[in-house]
Amino acid sequence: MDHTTALRAYDTQLRTEAETAAALAVTRLGPLHLALYEGGRGFVTYQDLGGADAAEVRRLVAGAVEHFRADPAVREAEWKTRGHDHAPGLREALLEHGFVPDEPESVMIGDVRALAGQEPPLPEGVTLRRVTTEADVRAMCAMQARGFGHGDADRSAAELLRRLAAGEALELWVAETDGRVVTAGRLEPVAGTEFAGIWGGVTLPEWRGRGIYRALTAARARSAIALGKRFVHSDSTEYSRPILERYGFLRVTTTTPYEWTRPGE
């Protein structure tokens, strides 16, 4: 798999309606998909901006903000940018309309079979399993909030439990020892595509460097193979990017989320 093939698959398969399939509602504004999720969270994505110039980009950003402002249920929204897009003036327009950039991440794509075939042995006493019960999901989310150093564990757990109850094709995986979750992550097969996403992967600081994250990722890859997927993708931090690169994953582009919060929230 080369960079061009991987990026083309990403743009044509993932940056479509598939990206917002779990949304409560999606509104189109020109090339934009404006999605609304549980908990009053908006999301903006698109396959491309259709060759828009800086003036049109600014109008699109203003229109998206107007759309979210008009819905009192929306408390915050994310505009997902990609580093390889032709988007003149986008950063300036987002900042002008109250969006705040988060840390950039790397979009990683790899062959799911290569990932599944590279599982290191687990440390003694550590086991892997899928979780579905409320108690397990809440323990997983609490560990992730600690591991990432930020996040609302209760809110994350409520969203995952809602999605599980709705029957979404969502898998939650943990590594644990003595009943304590030390690593966790999700697998999200993308319907109608060759992709599955691996998200939320994190290990507690004191357990890092022992191969647990790699083992959990390999387990998720095996599950993706069973679902007929060819590619795995992830937006990766600088901690997980080198691990995926060792598996042969390609860094096809970058993504930077820009966050908008309703004034007064």
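On a predicted model such as this, the values are computed, not experimentally measured, just so you know.

What counts, and at which threshold
Residues numbered from 1 in each chain as written. Predicted model: local features only at pLDDT ≥ 70, side-chain atom pairs only at ≥ 80, totals over all residues. Heavy atoms only, no water. Helix = DSSP H or I, 4+ residues; strand = E, 2+ residues; numbered from the N terminus. Buried < 20%, exposed > 50% of the residue type's maximum accessible area, 1.4 Å probe, protein only. Core = buried A, V, L, I, M, F, W, Y, C linked by side-chain atoms within 4.5 Å. Salt bridge = Lys/Arg side-chain N within 4 Å of Asp/Glu carboxyl O. Pairing = 2+ DSSP bridges. Right-handed = clockwise from strand over helix to strand, strands pointing away. Contact = heavy atoms within 4.5 Å. Polar contact = N/O pair within 3.5 Å; in protein donor to acceptor, adjacent residues only side chain to side chain.

K.L.:
Sorry, what's going on with the environment of Pro 120 here?
P.N.:
With respect to the element layout, Pro 120 can be found in the loop between helix H4 (112-116) and strand E7 (127-131). Under the relative-accessibility criterion, Pro 120 is labelled buried at 15%. The spacing of Pro 120 and Arg 230 is 110 residues in sequence and 22 Å in space, taken between C-alpha atoms.

K.L.:
Explain the nonpolar core to me, please; I cannot follow it from the model alone.
P.N.:
A general tendency of soluble globular proteins is for nonpolar side chains to be buried together. In this structure, Leu 32, Val 44, Trp 79 and Phe 99 are the most contacted members of the largest nonpolar core, which totals 22 residues. Listed by contribution, the elements that provide at least two residues to this core are strand E2 (32-37), helix H2 (54-69), strand E4 (76-82), helix H3 (90-96) and strand E12 (250-261). Counting residues in hydrophobic clusters, the runner-up holds 20 residues, among them Leu 170, Val 174, Ala 175 and Ala 184.

K.L.:
Is there a simple way to think about the pattern of salt bridges in this case?
P.N.:
If the charged atoms of two oppositely charged side chains come close together, the side chains can form a pair. Enumeration according to the criterion identifies 25 salt bridges in this entry. When the shortest N-O distance is used, the salt bridge between Glu 206 and Arg 146 registers 3.1 Å. Residue Glu 206 is located in the loop between strand E10 (195-203) and helix H7 (212-226), and its partner Arg 146 is located in helix H5 (residues 134-148); the two are separated by 60 residues in the primary sequence. Across the pair Arg 241 and Glu 245 runs a salt bridge, and its minimum N-O distance is 2.8 Å. Of this pair, Arg 241 and Glu 245 both sit in helix H8 (residues 240-246), four residues apart, which is roughly one turn of that helix. Classification of Glu 245 by relative accessible area gives partly exposed; the value is 34%. Salt bridges sharing common partners tie together Arg 41, Glu 76, Glu 78, Arg 155 and Glu 259.

K.L.:
What is the right way to look at the pairing of strand E6 (residues 105-111) in this model?
P.N.:
Both faces of the sheet carry side chains from a regular strand, because those side chains alternate between them. A large share of E6 lies buried, amounting to five of its seven residues. Here E6 pairs with strand E11 (residues 231-236) via six bridges, running antiparallel. Note that in E11 the partner of Asp 111 across the bridge is Phe 231.

K.L.:
Can you walk me through the pairing of strand E3 (residues 41-45) in this structure?
P.N.:
E3 sits mainly inside the fold: four of its five residues count as buried. As defined by bridge partners, E2 adjoins E3 across five bridges and the pair is classed as antiparallel. By the bridge assignment, Leu 34 is partnered in E3 with Val 44. The hairpin turn running from E2 into E3, its antiparallel successor, is three residues long, and Gly 39 in that turn takes a positive phi close to 85°. Where E3 and E4 come together, four bridges link them in parallel fashion. Bridge pairing in E4 links Gly 42 to Ala 77. Once you follow E3 into H2 and on to E4, the crossover reads as right-handed.

K.L.:
Looking at this structure, how should I read the environment of Asp 11?
P.N.:
Within the element layout of this structure, Asp 11 appears in helix H1 (residues 3-14). Note: C-alpha distance between Asp 11 and Tyr 46 (35 residues apart in sequence) is 9.4 Å. Residues within four places of Asp 11 in sequence aside, it is in contact with Gln 47 and His 84. Here His 84 takes part through its side chain, which lies 3.1 Å from a polar atom of the side chain of Asp 11.

K.L.:
Just checking my understanding: could you explain the side chain of Thr 193 for this structure?
P.N.:
Here Thr 193 is to be found in the loop between strand E9 (180-189) and E10. With a relative accessible area of 12%, Thr 193 lands in the buried category. Of note is the side chain of Thr 193, whose polar atom sits 3.0 Å from the backbone nitrogen of Phe 195. Discounting residues that sit within four places of it in the chain, Thr 193 has contacts with Gln 13, Leu 14, Ala 18 and Lys 229.

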